[in-house]
Amino acid sequence: MTNLLDVENLRVTFPTRSGTFEAVRGISFSLGRERLGIVGESGSGKSMTGRAILKLIRKPGIVTADRMRMGDTNLLTASEREMRRIRGRHASMIMQDPKFSLNPVMTVGSQITEALLTHEKTSRAEARKRAVGMLDAVAIRNPERVMGLYPHEVSGGMGQRIMIAMMLIPNPEILIADEPTSALDVSVQLQVLEIMDKLVTDRGMGLIFISHDLNLVSNFCDRILIMYAGRIVEVCQAGKLHEAKHPYTIGLLNSVPDLEHPRPRLDALQRDPAWREAPSVSALT
Amino acid sequence: MLTVAVTLLGLLFVTFMIGRVMPIDPVLAVIGERATQAQYDEVFLELGLDKPLITQFAIYVNDVLHGDFGTSIRTGKLVSEDIGRVFPATLELATLGTLIGVFLGVPLGVLAAVYRGRWIDQVARFVGLIGYSMPIFWLGLMGLLIFYGILGWVAGPGRLGVFYQGLVPERSGLLLLDSLLAGDWTVFKDAFSHIILPASLLGYYSLAYISRMTRSFMLEQLNSEYITTARVKGLSEWTVIWRHAFRNIRIQLITVIALAYANLLEGSVLTEIIFAWPGIGQYITTSLLSNDMNSVLGGTVVIGTIFVALNIFSDLLYRFFDPRAK
């Protein structure tokens, strides 16, 4: 099976007043038709990785890599025009909070059809029909009515399902989900995840699931990368998370409360400065 | 609607009080200083100055509501007639000035935000800085000197050359519009070459303001998450900027433009004087210098009312453009 995405030695740097800051420090991974989880704490570089793949790092940020390939396209040399054809059509991204990631002054319908019309020459009526169908697929009741609503008129869970519909309507092969449920109520998190999972599996897409929630990721993904300070410290199959060896992963696992076995005190993570300097683990397949 | 009524009543109250506390004897202003005491008393009663203040105010409000601002001492005509004559001149100038400011200032502000820190941003900053800091009378005189005096590209002070006066029937009082309606191109051209310099000057001042505000509104929007969403969809940068970001600043821009417009309608006194423009700013100033309080207060009330009306108008547009305000 060929990979959808191959990344080797990816770096994202930002110049600051006191030298450069490296948000991502040379990571390598590949993505097949699988669900790949990227886990790490705030500032570990996981979101930057997602954005770097779509070349959405704005100046003055710099993205470098030895290799960055999506299908037949070399992302490193791709022009902005080529990137625009890839974005949305081949790889899409869902962001954290639909309250901010949907345009407040455009109707849901026009935002979804826009995503489709950008990449396909279809009539407006046809685009509208497919948008309604897509809203139906993300389990939105009365999609015809929702098409005419503005983002402030829908709930958070609904907003995120609208985002999913919008990002999947041009049939991309890769979906990057950047903390897609972190801003949602716990009660709707699972519902949104299930809908996303079903669509991604049905369409045989590759999913990059970025999260800080190790439990969620281990239940939901096939393979997990654990990032720390801009590097991958450990790669493991989701089912074998308990076999993880890296002290950071073990620390993360130990700091999760367990209802079945309550402990008087949760372990606090003891950080070893050596973790920062350890070479990045390759997650290429 | 109630707040509007209260605002307008407050405005009338303030202008009324100004008229009363000014150290100008309204009776003397009418009859002159050499009148006899008997004449003085007669006019004093005629003006209703013997009645209590509150009654005087009620009479004043009633008069104003009927469009009666009294008679101008300077021109001898009804103040409402005078204003009807001078206001279109200001309206025409301010409207053209605002149009120039909007059509150049908004794109300049958007570009400055998109290319933040690049040369176009620096140019916009420099243009804005001059607009903010140069006194308008100096720029006006320099403009006249260069474009009228030396280059001769535009006509000099006034609204219309002597030859062309009274050639087209007055319909709206706006010369450009009237001459167009009459189909008289020579008059239109002459009126245009008279108005273009002062209008550009006023336009430049609102451009400075509008472009700075547009820039900061746009910067705020361009950093929002929904802009990333739009880029993720694969939209072109042009679409991202105009269809997504700009659509979100229209609401704020309306307020800014309405303010800039109101500013030009009320505050172009210096420009009107330099360009001998027979508008309301000049009317009020001249009236003030000849102690003609009826005209001053009448003009002030009209300008205040326009200010309030523009605010109502921008509120209405708000509802139209912002789905959240419904």
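Not measured: the values here are computed from a predicted model.

S.K.: Looking at this structure, I do not really get the side chain of Thr-15 of chain B. What am I missing?
M.R.: All names here are of chain B. When you line up the elements, Thr-15 lands in helix α1 (residues 2–21). A relative accessible area of 2% places Thr-15 in the buried class. Of the polar contacts made by the side chain of Thr-15, one reaches the side chain of Tyr-60; its length is 3.4 Å. Filtering out sequence-adjacent residues up to four positions away, Thr-15 remains in contact with Tyr-60, Leu-297, Thr-300 and Val-301.

S.K.: When you look at the pairing of strand β5 (residues 67–70) of chain A in this model, what are you seeing that I'm missing?
M.R.: Every other side chain in a regular strand lies on the same face of the sheet, so the side chains alternate between the two faces. Residue and element names in this part refer to chain A. Burial along β5 is one-sided: the face carrying Met-68 and Met-70 is buried and the face carrying Arg-67 and Arg-69 is not. Summarising the sheet, β5 and strand β6 (residues 73–74) pair through 2 bridges and their orientation is antiparallel. The residue of β6 that forms the bridge with Arg-69 is Asn-74. Between the end of β5 and the start of β6, which pair antiparallel, lie 2 residues, with Gly-71 showing a positive phi angle near 60 degrees.

S.K.: Looking at this model, I keep getting lost on the interface of chain A and chain B. Mind explaining?
M.R.: A common way to report how large an interface is uses the accessible area buried once the components associate. In this assembly, 28 residues from chain A lie in contact with 20 residues from chain B. Summed over both sides, the interface of chain A with chain B buries roughly 2,100 Å², with 61% coming from carbon and sulfur. Three residues, Arg-84, Val-105 and Glu-114 of chain A, lead the burial of chain A against chain B; their summed loss comes to 26% of the area buried on that side. At the surface where chain A touches chain B, the tally comes to 4 salt bridges. The partner of Arg-51 of chain A in a salt bridge is Glu-225 of chain B, and the shortest N-O contact between them spans 3.3 Å. Where chain A touches chain B, the interface holds 11 residue pairs in polar contact (both at pLDDT 80 or more). Taken together, the residues of the side of chain A that touches chain B break down into 15 nonpolar, 8 polar and 5 charged.

S.K.: Looking at this structure, I do not really get a nonpolar patch on the surface. What am I missing?
M.R.: All names here are of chain B. Residues Leu-145, Ile-146, Phe-147, Ile-150, Leu-151 and Trp-153 make up a contiguous nonpolar surface patch of about 610 Å² in total accessible area. In this fold, Leu-145 is placed in helix α7 (residues 136–150). Since its relative accessible area comes to 44%, Leu-145 is described here as partly exposed.

S.K.: Hey, could you run me through unusual backbone geometry in this one?
M.R.: Most peptide bonds are trans, and most residues other than glycine sit at a negative phi. All names here are of chain A. Residues Lys-59 and Pro-60 are joined by a peptide bond in cis, for which omega reads 5 degrees. Assignment of secondary structure puts Pro-60 in the loop between α1 (46–53) and β4 (62–64). Despite not being glycine, Asn-142 has its phi angle at roughly 55 degrees, a positive value. Checked against the element boundaries, Asn-142 lands in the loop between α5 (124–137) and α6 (143–147). Judged by relative accessible area, Asn-142 falls into the partly exposed class, the value being 45%. Of note, the phi angle at Glu-179 is positive, near 50 degrees, even though the residue is not glycine.

S.K.: I tried to follow the pattern of salt bridges on my own but got confused; where do I start?
M.R.: Oppositely charged side chains can form a pair if their charged atoms are brought close together. Residue and element names in this part refer to chain A. Tallying each qualifying case throughout the model produces 23 salt bridges over all chains. Among the salt bridges present, the one from Asp-178 reaches Arg-51, with a minimum N-O distance of 4.0 Å. Of this pair, Asp-178 sits in strand β8 (residues 174–178) while Arg-51 sits in helix α1, and the two are 127 residues apart along the sequence. Each member of the pair, Asp-178 together with Arg-51, is buried. Between Glu-120 and Arg-130 there is a salt bridge; the shortest N-O distance is 2.9 Å. Taken as a pair, Glu-120 in the loop between α4 (108–117) and α5 and Arg-130 in helix α5 lie far apart in primary sequence, 10 residues in all. Connected through shared salt-bridge partners, Asp-6, Glu-8 and Arg-67 make up one network.

S.K.: Please clarify how the domain arrangement of chain B should be interpreted in this entry.
M.R.: Residue and element names in this part refer to chain B. Under the domain assignment used here, chain B contains domain 1 (2–65) and domain 2 (87–147 + 203–325). When each unit is reduced to the centre of its C-alpha atoms, the spacing between domain 1 and domain 2 is 36 Å. Domain 1 puts 12 residues into the contact, and the matching count from domain 2 is 10 residues. Surface buried jointly by domain 1 and domain 2 totals about 880 Å² across both partners, of which 90% is contributed by carbon and sulfur atoms. Of all residues in domain 1, Leu-11, Thr-15 and Ile-24 give up the largest surface area on contact with domain 2, accounting jointly for 40% of the area buried on that side. Between the two partners, domain 1 and domain 2, sit 0 salt bridges. At the boundary of domain 1 and domain 2, one finds 0 residue pairs in polar contact (both at pLDDT 80 or more). If one sorts the elements of the side of domain 1 that touches domain 2 by residue count, α1 sits on top with 7 residues. Among the residues making up the side of domain 1 that touches domain 2, the classes are represented as 9 nonpolar, 3 polar and no charged.

S.K.: For this particular structure, what's the right way to read the nonpolar core?
M.R.: General note: in soluble globular proteins, nonpolar side chains tend to be found buried as a group. Ranked by internal contacts, the top residues of the largest apolar core, which has 90 residues, are Leu-5, Phe-29, Met-196 and Phe-209 of chain A. Ranked by the residues each element gives to this core, the list is headed by helix α7 (residues 156–168) of chain A, at 8 residues. For Met-196 of chain A, the contacting residues outside a window of four places in its chain are Ile-94, Ile-164, Leu-175, Ala-177, Pro-180, Leu-207, Phe-209 and Phe-220 of chain A. Val-187, Tyr-261, Leu-265 and Val-302 of chain B belong to the second largest nonpolar core, which has 51 residues in total.

S.K.: Just checking my understanding: could you explain the packing of α1 of chain B against helix α14 (residues 293–321) of chain B for this structure?
M.R.: Packed helices, taken two at a time, are described by their axes: the angle between them and the distance between them. Residue and element names in this part refer to chain B. Between α1 and α14, the shortest axis-to-axis distance is 10 Å and the interhelical angle comes to 160 degrees. On the basis of the axis angle, α1 is roughly antiparallel to α14. The crossing of α1 and α14 is right-handed. Contacts between α1 and α14 involve Val-4, Thr-7, Leu-8, Leu-11, Leu-12, Thr-15 and Gly-19 on the former and, on the latter, Met-293, Leu-297, Thr-300, Val-301, Gly-304, Thr-305, Val-308 and Ile-312. The residue makeup of the contact of α1 with α14, split by class, is 9 nonpolar, 6 polar and no charged.

Scoring rules and cut-offs
- Residues numbered from 1 in each chain as written.
- Chains lettered and ligands numbered in written order.
- Predicted model: local features only at pLDDT ≥ 70, side-chain atom pairs only at ≥ 80, totals over all residues.
- Heavy atoms only, no water.
- Helix = DSSP H or I, 4+ residues; strand = E, 2+ residues; numbered from the N terminus.
- Buried < 20%, exposed > 50% of the residue type's maximum accessible area, 1.4 Å probe, protein only.
- Polar contact = N/O pair within 3.5 Å; in protein donor to acceptor, adjacent residues only side chain to side chain.
- Contact = heavy atoms within 4.5 Å.
- Pairing = 2+ DSSP bridges.
- Buried area = accessible area lost by both parts, 1.4 Å probe.
- Salt bridge = Lys/Arg side-chain N within 4 Å of Asp/Glu carboxyl O.
- Nonpolar A, V, L, I, M, F, W, Y, C, P; charged D, E, K, R; others polar.
- Patch = residues over 30% accessible without salt bridge, like charges linked within 9 Å, V, L, I, M, F, W, Y side chains within 5 Å.
- Areas by Shrake-Rupley, 256 points an atom, 1.4 Å probe, with all protein chains shown as cover.
- Domains from an automatic or database assignment.
- Core = buried A, V, L, I, M, F, W, Y, C linked by side-chain atoms within 4.5 Å.
- Axes fitted to C-alpha atoms, helices over the stretch in contact; angles between N-to-C directions.
- Parallel < 35°, antiparallel > 145°, perpendicular 65-115°, else oblique.
- Left-handed = near helix turned anticlockwise from the far one by under 90°.

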